[in-house]
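# A closer look at the structure
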Amino acid sequence: MSTRDERIALNNASGPENSGLTPEPHPAPAWPDLGPHDEAARAAVAGIAALLGRPIPEKETEPRTASEWLARTWKVNEAVLETVSRPVSPVLHLLYGFVLGRWIAAHADEVTQRGPERRAPQMARLDLGSGTGVTVPTAGTVLFPAGTRDEQPVAIETGYQFGDPFLTAHAMPGHRDVAERALDALSADLAADHPYRGRTLQAAAPGRLTIKPVTPTPQGRADLVLPREVWHEVDLFCAGVTTRRDTLRALGHSTSRGLLLAGPPGVGKTKLARVIATELKGTLTVVLVTADVLRTWMTELYEEVRTLGPCLVVLEEIDSVGGKDSRGSTSFGEFLDALDGARTTDDVLTVATTNDPGSLDPAVKRPGRFDTILEVPPPDAEGRKAILDLYLPPRAGVDTGLVSSFLDGATGADLREVARRSLLEHGADELTTDQVLDIATSGRWKPAPVAGNYL
Ligand SMILES: Nc1ncnc2c1ncn2[C@@H]1O[C@H](COP(=O)(O)OP(=O)(O)OP(=O)(O)O)[C@@H](O)[C@H]1O
Ligand SMILES: [Mg+2]
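To start, this report covers the structure provided alongside it. (Residues numbered from 1 in each chain as written. Chains lettered and ligands numbered in written order. Predicted model: local features only at pLDDT ≥ 70, side-chain atom pairs only at ≥ 80, totals over all residues. Heavy atoms only, no water.)

With that settled, the discussion passes to the layout of surface pockets. When its volume is computed, the largest pocket comes out at roughly 590 Å³. Secondary structure elements with two or more residues in the lining of the largest pocket: helix H8 (269-280), strand S12 (348-354), helix H14 (381-391) and helix H16 (412-426). When residues in the lining of the largest pocket are grouped by element, the largest group, five residues, is from H14. For the lining of the largest pocket, the class distribution of residues is 13 nonpolar, eight polar and nine charged. Each of domain 3 (202-375) and domain 4 (381-442) contributes no fewer than three residues to the lining of the largest pocket. Reported here for the second largest pocket is a volume of approximately 450 Å³. Along the walls of the second largest pocket sit 23 residues, with Thr65, Ala66, Glu157, Tyr160 and Phe166 positioned nearest its centre. Ranked by the residues each element gives to the lining of the second largest pocket, the list is headed by strand S5 (residues 154-161), at five residues. Split into classes, the residues belonging to the lining of the second largest pocket amount to six nonpolar, twelve polar and five charged. (1 Å grid on protein atoms, 1.4 Å probe; cavity = no way out; pocket = protein on both sides within 12 Å on 5 of 7 lines; lining within 4 Å. Points joined across faces, edges and corners; volume = space filled by probe spheres on them. Helix = DSSP H or I, 4+ residues; strand = E, 2+ residues; numbered from the N terminus. Nonpolar A, V, L, I, M, F, W, Y, C, P; charged D, E, K, R; others polar. Domains from an automatic or database assignment.)

Put into structure tokens, the structure is as follows:
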């Protein structure tokens, strides 16, 4: 019996409806083009088919999901497609979109794209700071044919599931490695050429963790009056990733360091952190972190930071999370774990600020978490004079030495207020020592409510 006969025999044996009348199996019927009266014509044809006992052709539908589309394109069963999915953070979702956009551009003539749920592919803007940005794919599937990304065809799907972004690679049956490789390559390409590298980023948490490039005003050492010992410690801290980096690495030391700036409000801790950020910008990516991120998103933050390569993370006011009474809360443990995690990655510098190192849980101060706890003191008389000189017009000829002798205990922020109030009340041109002295000793510069009866 020929192969064809065998097939007929099998078919005939398969059911009573085939016996006698239909010697040949009919191919699955498909709808012809029924022109403008599509619906009515379909109903009529379906009726005739039913009368004849023939199957009603199924209307070819647009595939709904990426795997449905790929299964059809690759002519394989959808159930055996290889699919590797990874959840990603909203920030990484856009960043992987950036890399995917580059892959699409590199194979523009070969790739095929589809949107989610029969819609058009979706795009969003990735902010690159300084008014620049790029549009990147955020929902849809891109099919890279064999010979483009890999020897095998591979498709990258990006989108949201129940609001959470994900990234999926699909490959032909038996080629799970191709799908895995594609996702690894996306990560590697992002790490190799990160669009945020070398920039200053602001991490904030309006509901979720967001990281956006910002353009901070550069802050120099000349704008900040601090004792020489403080600057020396700052130099040592920076040396880990600048001049001493290779020495440390060659001898197997970590180049990651943590510096905790401690001091009362207004002594210039935030400003010092900004000066360090200005000095290391370019060498490192700078990530400025607000207190709300510290409380909730530390783990996620350091995960994202890891993709950035060498970076400086500035954590403001860690007493808001690391205080003694926060022990036992999950975010405190998370915070410590994240700090420890940062140490295992090379070239991550952390600068944190606190008003009161005494209130910090000893676990925060354990060696290894911060290498240095640097006390930033309020200025001495000489420092106070230098700060007044910084904020008062040089031409005014005010005896800043004399004024500062009346301001024992004042911080840099206080001194700036004295200068500001003096300029507000008297202008810059004819400012006298007596006027500034009067303001300094009267306490008018303090942000207290003005006393008086307004009625
Ligand atoms: N040592 C200083 N030299 C020059 N200016 C200073 C100094 N300290 C404070 N200032 C001025 O006061 C402003 C406020 O200081 P900053 O915000 O850095 O204080 P802080 O120590 O971070 O305070 P807080 O603990 O309240 O956050 C600075 O931007 C700067 O203008
Ligand atoms: Mg501060």
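So, next bit.
With that settled, the discussion passes to the pattern of salt bridges. In a structure, side chains of opposite charge can pair up when their charged atoms sit close to one another. As enumerated under the stated definition, the model contains 22 salt bridges in all. Where Asp184 meets Arg86, a salt bridge forms, and the shortest distance between an N and an O atom there is 3.1 Å. Taken together, the positions of Asp184 in helix H5 (residues 176-192) and Arg86 in strand S1 (residues 82-87) put the pair 98 residues apart, joining distant regions of the chain. A salt bridge links Arg420 to Glu417; its shortest N-O distance comes to 3.4 Å. Of the two residues, Arg420 and Glu417 are both situated in helix H16; the distance of three residues between them amounts to about one turn of the helix. Salt bridges sharing common partners tie together Glu82, Arg86, Arg176, Glu180 and Asp184. (Salt bridge = Lys/Arg side-chain N within 4 Å of Asp/Glu carboxyl O.)

Reading across from one edge, S8-S7-S10-S11-S12-S9-S13 is the order of the seven strands in this open sheet, with mixed pairing throughout. In the strand order of this sheet, the two ends are held by strand S8 (210-214) and strand S13 (372-375), each with one partner. Recorded for the sheet is a direction-independent mean angle of 20° between the axes of neighbouring strands. Bridge count between strand S7 (residues 200-204) and S8: five bridges; the pairing is antiparallel. (Pairing = 2+ DSSP bridges. Axes fitted to C-alpha atoms, helices over the stretch in contact; angles between N-to-C directions.)

On to the packing of H14 against H16. Across the interface, H14 lies against H16 with an axial gap of 9 Å and an inter-helix angle of 40°. With respect to their mutual orientation, H14 and H16 come out oblique. Note on packing geometry: the crossing formed by H14 with H16 is right-handed. Residues Arg384, Ile387, Leu388 and Tyr391 of H14 pack against Gly412, Leu415, Arg416, Val418, Ala419 and Leu423 of H16. Here the contact of H14 with H16 is built from residues that sort into seven nonpolar, one polar and two charged. (Parallel < 35°, antiparallel > 145°, perpendicular 65-115°, else oblique. Left-handed = near helix turned anticlockwise from the far one by under 90°. Contact = heavy atoms within 4.5 Å.)

The subject of this paragraph is the site of ligand 1. Neighbouring ligand 1 are 19 residues, the closest being Val225, Lys269, Thr270, Asn355 and Tyr391. In this structure, an oxygen atom belonging to ligand 1 sits 2.8 Å away from a main-chain N or O atom of Gly266. In this structure, Thr270 approaches ligand 1 through a side-chain N or O atom, which is 2.7 Å from an oxygen atom. In isolation ligand 1 offers 630 Å² of accessible surface; the protein chains occlude 84% of this area. Given that more than half its atoms are within 2 Å of the pocket grid, ligand 1 belongs to the largest pocket. Among the elements of the structure, H8, H14 and H16 are those that each provide at least two residues to the shell around ligand 1. Considering only residue class, the shell around ligand 1 consists of ten nonpolar, five polar and four charged. Residues from two domains meet in the shell around ligand 1; each of domain 3 (202-375) and domain 4 (381-442) gives at least three. (Near = heavy atom within 4 Å. Polar contact = N/O pair within 3.5 Å; in protein donor to acceptor, adjacent residues only side chain to side chain. Areas by Shrake-Rupley, 256 points an atom, 1.4 Å probe, with all protein chains shown as cover. Sits in = over half its atoms within 2 Å of the grid points.)

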